[in-house]
Amino acid sequence: MKHVILGVTGSIAAYKAADLANTLTKQGVSVHTIMTESACKLITPLTFQTLTKNKVHTDMFDEYKPSEVQHISLAKQADLMLIAPATANFIAKAAAGIADDMLTTVLTAFINKPVIICPAMNTNMYLNPVTQRNIETLKDLGFTFVEPREAMLACGDLGKGALASNEIILSAVDEFLK
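Residues numbered from 1 in each chain as written. Predicted model: local features only at pLDDT ≥ 70, side-chain atom pairs only at ≥ 80, totals over all residues. Heavy atoms only, no water.

Draft legend 1. Fine view of the overall build of the chain. When you go through the chain residue by residue, the secondary structure sums to 9 helices and 7 strands. Radius of gyration (C-alpha) of the chain: 15 Å, near the 16 Å computed for a compact globule of 178 residues. In terms of principal-axis extent, the alpha carbons of the chain reach across some 45 × 35 × 30 Å. Relative to its 178 residues, the chain shows a buried fraction of 51%. Within the chain, residue pairs in contact and separated by at least 24 positions form 72% of the contacts whose partners lie at least 6 positions apart. Of the accessible surface of the chain, which amounts to about 8600 Å², a share of 54% is contributed by carbon and sulfur atoms. The averaged location of the 17 negative side-chain charges in the chain is 4 Å from the averaged location of its 15 positive side-chain charges. (Helix = DSSP H or I, 4+ residues; strand = E, 2+ residues; numbered from the N terminus. Rg over C-alpha atoms; globule rule 2.2 N^0.38 Å. Buried < 20%, exposed > 50% of the residue type's maximum accessible area, 1.4 Å probe, protein only. Contact = heavy atoms within 4.5 Å. Areas by Shrake-Rupley, 256 points an atom, 1.4 Å probe, with all protein chains shown as cover. Lys, Arg positive; Asp, Glu negative; His and termini not counted. Charge placed at Lys NZ, Arg CZ, Asp CG, Glu CD.)

Given below as structure tokens:
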């Protein structure tokens, strides 16, 4: 059985990650969801727990199994890490090597295995030169990006920044899991 860590960050597109979790689970993948504090304000951990039948991790200091260091055991167990949606904040922290929450700490411990990042944010945030530099930094380190699409965004702007379709994201995941 393949194991995927699904990182969900605080983009309004967080609700679309529930469908990703559901589809992957139905395909026989064990999905372990890690949600940032901001993501939890948009969609509940219970949604992902119900769909994946696995504990959802939201707090780095909530030791689910006292005999394991959770951020290390999750990183060791997983075959792939998928961050969908990925905010500008998450991308910046990842590019800088900041590990200050459960998601970024697991990412720091997750080496020599594929990481797929799916940005979702306002067009100006996505096109900001700092965000683009952070994306290039992560690409240079071997991270894979599934580009956002152009659409009418939640803020009312029309432009690039909408989360890629679940079909495109799942196709990228399938490529690495084969």
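There's plenty left to go through after this.
Draft legend 2. Molecular detail of the packing of helix α4 (residues 70-77) against helix α6 (residues 102-109). Running from N to C, α4 and α6 cross one another at 55 degrees; their axes reach a closest spacing of 8 Å. Compared by their axis directions, α4 and α6 come out oblique. Where α4 crosses over α6, the two elements pack in a sense that is right-handed. Contacts between α4 and α6 involve Q70, H71, I72, L74 and A75 from the former and M102, T105, V106 and A109 from the latter. (Axes fitted to C-alpha atoms, helices over the stretch in contact; angles between N-to-C directions. Parallel < 35°, antiparallel > 145°, perpendicular 65-115°, else oblique. Left-handed = near helix turned anticlockwise from the far one by under 90°.)

Draft legend 3. Layout of the nonpolar core. Membership of the largest hydrophobic core comes to 31 residues, with the highest contact counts inside it found for L6, V8, F48, L82, I116, C118 and I169. Elements with a minimum of two residues in this core: β1 (3-8), α1 (14-26), β2 (30-35), β3 (80-86), β4 (115-119) and α9 (166-177). The element contributing the most residues to this core is α1, with 6 residues. Once residues within four sequence positions are removed from consideration, C118 is found in contact with L82, I83, A84, P85, A86, V146, L163 and I169. (Core = buried A, V, L, I, M, F, W, Y, C linked by side-chain atoms within 4.5 Å.)

Draft legend 4. The pattern of salt bridges, seen in detail. In the structure shown here, the tally under the stated rule is 5 salt bridges. Salt-bridge contacts for E136 lead to K139; the nearest nitrogen and oxygen are separated by 3.8 Å. Taken as a pair, E136 and K139 lie in helix α8 (residues 129-140) at a separation of 3 residues, close to a single helical turn. A salt bridge links K139 to E147, with the shortest nitrogen-to-oxygen separation between them at 3.6 Å. Judged by relative accessible area, which is 34%, K139 ranks as partly exposed. E147 gets classed as partly exposed once you look at its relative accessible area, which sits at 33%. A cluster of three or more residues bridged by salt bridges with shared partners is formed by E136, K139, E147 and K160. (Salt bridge = Lys/Arg side-chain N within 4 Å of Asp/Glu carboxyl O.)

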